[in-house]
Amino acid sequence: MSMVAPEQIDYRQYLRLDMMPHILCPGCGHGIVLKAILRAIHRLGLRQDEVVFVSGIGCSSRIVGYVDFCTLHTTHGRPLTFATGLKLARPELTVIVITGDGDGLAIGGNHLIHAARRNVDLTCLLLNNAVYGMTGGQGAPTTPEGMRSSITPGGAIEPAFDACRLALGAGASFVARGLTAQPLQLDDLIVQAMQHRGFSFLEVASDCPEFFGRYNDLGRGPEMLQAQRSHVQWLGAKLTDKSFVPGLGLDVPHGGAAPAFDAGVLHREERPDLGALLARRAAASPPRARRPEIVPPAAGTAGATAGNGSSFAGPVRIRLAGAGGQGIVLAGLLLAEAAVAAGRNATHAQAYGPESRGGASKAEVIISDGEIEFPCADRVDALVALTRVACDRYLSLLEPGGTLVVDGDEVPLAEGMDFACHALPITATAQRVLGTAMGANLVALGAIVALTGAVPLEAAERAIAVRRPGGSIERALRAFRAGSGLALRHR
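Small disclaimer: the values here were computed from a predicted structure and weren't measured. (Residues numbered from 1 in each chain as written. Predicted model: local features only at pLDDT ≥ 70, side-chain atom pairs only at ≥ 80, totals over all residues. Heavy atoms only, no water.)

Moving on to the pattern of salt bridges. The full count for this structure, using the stated rule, is 22 salt bridges. One salt bridge in this structure joins arginine 39 and aspartate 187, with 2.6 Å as the shortest N-O distance. Taken together, the residues span a long stretch of sequence, with arginine 39 in helix H1 (residues 30-44) and aspartate 187 in helix H7 (residues 183-195) at a distance of 148 residues. Residue class for arginine 39 comes out buried when judged on its relative accessible area of 17%. Residue class for aspartate 187 comes out buried when judged on its relative accessible area of 5%. Between arginine 47 and glutamate 50 there is a salt bridge; the shortest N-O distance is 3.7 Å. The exposure class assigned to arginine 47 is exposed, which follows from its relative accessible area of 51%. Glutamate 50 sits in the partly exposed class, given a relative accessible area of 21%. When salt bridges that share partners are traced, they join Lys87, Asp121, Arg197 and Asp273 into one network. (Salt bridge = Lys/Arg side-chain N within 4 Å of Asp/Glu carboxyl O. Helix = DSSP H or I, 4+ residues; strand = E, 2+ residues; numbered from the N terminus. Buried < 20%, exposed > 50% of the residue type's maximum accessible area, 1.4 Å probe, protein only.)

An ideal rise of 1.5 Å per residue puts 18 Å on 13 residues; H7 measures up with 18 Å between its terminal C-alpha atoms. Buried residues of H7: Leu186, Asp187, Leu189, Ile190, Val191, Ala193 and Met194, and no others. (Expected span 1.5 Å × (residues − 1).)

The next subject is the sheet that holds strand E15 (residues 398-407). If you walk across this open sheet you meet the six strands as E12-E13-E11-E14-E15-E16, and the pairing is mixed. The open sheet terminates on both sides in strands that have one partner only, identified here as strand E12 (345-352) and strand E16 (420-424). Geometrically, the sheet is characterised by an average inter-axis angle of 15° between neighbouring strands, direction not taken into account. Pairing of strand E11 (residues 316-323) with strand E14 (residues 380-385) involves four bridges; the strand directions are parallel. Looking across to E14, one finds that leucine 320 is bridged to valine 384. (Pairing = 2+ DSSP bridges. Axes fitted to C-alpha atoms, helices over the stretch in contact; angles between N-to-C directions.)

This brings us to the nonpolar core. Among the nonpolar cores identified, the biggest contains 47 residues, and Leu335 and Leu445 are the most heavily contacted of them. Elements represented by at least two residues in this core include exactly E11, helix H12 (328-341), strand E13 (360-368), E14, helix H14 (426-434), helix H15 (440-452), helix H16 (457-467) and helix H17 (473-490). For this core, the element with the highest residue contribution is H15, accounting for ten residues. If sequence neighbours within four positions are ignored, leucine 445 has contacts with Ala331, Leu334, Leu335, Ile464 and Phe480. (Core = buried A, V, L, I, M, F, W, Y, C linked by side-chain atoms within 4.5 Å. Contact = heavy atoms within 4.5 Å.)

What follows deals with the confidence of the model for the chain. Parts of the prediction with low pLDDT should not have their coordinates interpreted in detail. Per-residue pLDDT for the chain has a mean of 86; in total, 87% of the residues score no lower than 70. The least confident element of the chain is helix H10 (residues 236-240), whose mean pLDDT is 56; the most confident is strand E1 (residues 51-55), at 97. When the criterion is pLDDT under 50, residues 242-257 qualifies, and its contacts beyond four places in sequence or with other chains add up to 27 contacts. Within the model, pLDDT remains below 50 along residues 291-312, and this stretch shows 43 contacts once partners closer than five positions in the same chain are excluded. (pLDDT = per-residue confidence, 0-100.)

Structural data, given as structure tokens:
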């Protein structure tokens, strides 16, 4: 990251002016942080299309709505997870996470420690206002002991989190703390954090006069800013001069509301970031074997065409549904594994009720020669329903002309449906060839594979042989082949 001599900053060039006026409360420190971030980016000479802001939920996370950069406003407590995926996929981008003390230390606390441990090359700014401001001033993990909030009118009895010590203990390679009361020093800290290669964590003390200040009689914005200055010891210069070994959490007397704390760069080390480690591992690994060519089944053989006589083109979406205990999820897994073994891409998603047996169960498999962007489908090309409830629930999702396979002894089918309908004696066949209804899932799997041609029959049999469902390859294959035979006779 290179720096260029900055011209005078015009904040408007970095803001979405149509989002103004902002909704931050009078005296809120977050606006000071926003301007400090913009000055830091301006100093570094970064283009707006190479910087991504990622935020969670809360007052601080509103910032990403105001900046004219690439932005992701994500779910509560999860900005670091989104940012990690983004950084690994697009390592050339500068990724800045804006989070608050509730978002980053409570709901998302687990993600914070693991992002620090992995040393993901991100800059995380945690704006600490010691309270849940957006939802009414509830106590946060950073509310100092003895201080009041809407849920602790007698004062908090729990010790507050020290966010910097947490990040340091988790392995962050850059840890710093800044103040909204010292905005120019805050600029420098943000620049240093963004220049650091690895996980850089910067906590910013940013006051909430509306709730924290009001509940604790700390005055308005100016009085709270002045209080920040009286409770801090700056360490950056001492660290630069190597005249001070930084320690956290000074135990010094103070007379104000907030405890004494250190500010500045508290820790800095060099170690490989996660992206570099993954790149190194990939470079050292032998080249992956090329996927085998997919040979379409010959015309007139099982799997060549769908049940309605037309070949599938593009992704094939298959839903299998029934009751818990019927092996629906296992059948879906086998189908997906067979597809992957045949050199195709596949996803598998499953859902089932809390009951071990008897509740609803479904599995969804998407198979494609191309990329699969999402593992679930609103519509399906083929539906297997082993119960009437499953058929009634999911039939509306089946595309016109799609393939419908039901257990004919369980599910009555109406006349005139615009599907390729196959009412097969699935459970009865399992009972006949195995002596038990257990195995109906494999009969159904054989039928849907034969009817759709989504995967070669041989690939499905290889997947079954690897998993050995029921502990016997021979019995499992007997059920599968009985199902494919049923389908071929029914076509």
